[in-house]
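# Examining the three-dimensional arrangement
Residue-level listing of the chains:
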Amino acid sequence: MEIKDNGFSRQFETLADGKLISVEYSFQEKKIFLTRINVPDGFDDEVFISDLLKNIMQIAYERKLKVVPILPKIAAFFRKNTMYRDLLPPGIKI
C-alpha cells in the first residue's frame, strides 16, 4: 500500500479501487493527532482501513512521533492492536 503524506492538506492519502481514502491529522510538538478518516460513500472495507492505520503507525515510528487518536474509530484500532500502545503519549490510556 502506498501512502502519500499531503502536508498541504494535512492528511495521509491512498487509493482503493480508484477512490481516495484519507486520514486527516494535525501536529503539535512531537505529537500527531489523528482527527478524521475520509472514505467514499459505500466504502466499508474495515480490513483496508486497519491496514492503512498500521502503515500510518509505521510512519509515526519512523518519524519518532507520539499518536493521539481523536476519532473513536482510531481509538478502537489501538484497543485491538495493543502492539501500538507505545505510540500513545504519557497519560493517555485506551
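Located above this text is the structure these notes cover.
Residues numbered from 1 in each chain as written. Predicted model: local features only at pLDDT ≥ 70, side-chain atom pairs only at ≥ 80, totals over all residues. Heavy atoms only, no water.

## Describing the packing of aromatic side chains
- A complete count under the given rule lists six aromatic pairs for this structure.
- Taken together, a centroid distance of 4.8 Å and an interplanar angle of 40 degrees make the contact between Phe12 and Tyr25 tilted. Taken together, the residues span a long stretch of sequence, with Phe12 in strand 2 (residues 11-16) and Tyr25 in strand 3 (residues 19-28) at a distance of 13 residues.
- For Phe12, a relative accessible area of 1% corresponds to the buried category. (Phe/Tyr/Trp six-rings, centres within 6.5 Å; stacked < 30°, edge-to-face > 60°. Helix = DSSP H or I, 4+ residues; strand = E, 2+ residues; numbered from the N terminus. Buried < 20%, exposed > 50% of the residue type's maximum accessible area, 1.4 Å probe, protein only.)

## A look at the side chain of Asn6
- Note on placement: Asn6 falls in strand 1 (residues 4-6).
- Every residue in contact with Asn6, bar those within four places of it in the chain, is listed here: Gln11, Glu13 and Tyr25. (Contact = heavy atoms within 4.5 Å.)

## A closer look at the pattern of salt bridges
- Per the stated rule, a full pass over the model turns up two salt bridges.
- In this structure, Lys73 and Glu46 form a salt bridge, with 3.5 Å as the shortest nitrogen-oxygen distance. With a gap of 27 residues between them, Lys73 in helix 2 (residues 72-80) and Glu46 in helix 1 (residues 46-63) connect regions that are remote in the sequence.
- For Glu46, a relative accessible area of 46% corresponds to the partly exposed category. (Salt bridge = Lys/Arg side-chain N within 4 Å of Asp/Glu carboxyl O.)

## Thoughts on the sheet that holds strand 2
- Within the open sheet, the five strands sit side by side as 1-2-3-4-5. Their pairing is mixed. Edge positions in the sheet fall to strand 1 and strand 5 (66-69), since each has one partner strand and no second. Each adjacent strand pair in this sheet contributes to an overall mean axis angle of 30 degrees, direction not counted.
- Helix 1 contacts strand 1, strand 2, strand 3, strand 4 (31-38) and strand 5 of the sheet and is inclined by roughly 140 degrees relative to strand 2.
- Across the sheet, helix 2 is in contact with strand 3, strand 4 and strand 5; its angle to strand 5 comes to roughly 125 degrees. (Pairing = 2+ DSSP bridges. Axes fitted to C-alpha atoms, helices over the stretch in contact; angles between N-to-C directions.)

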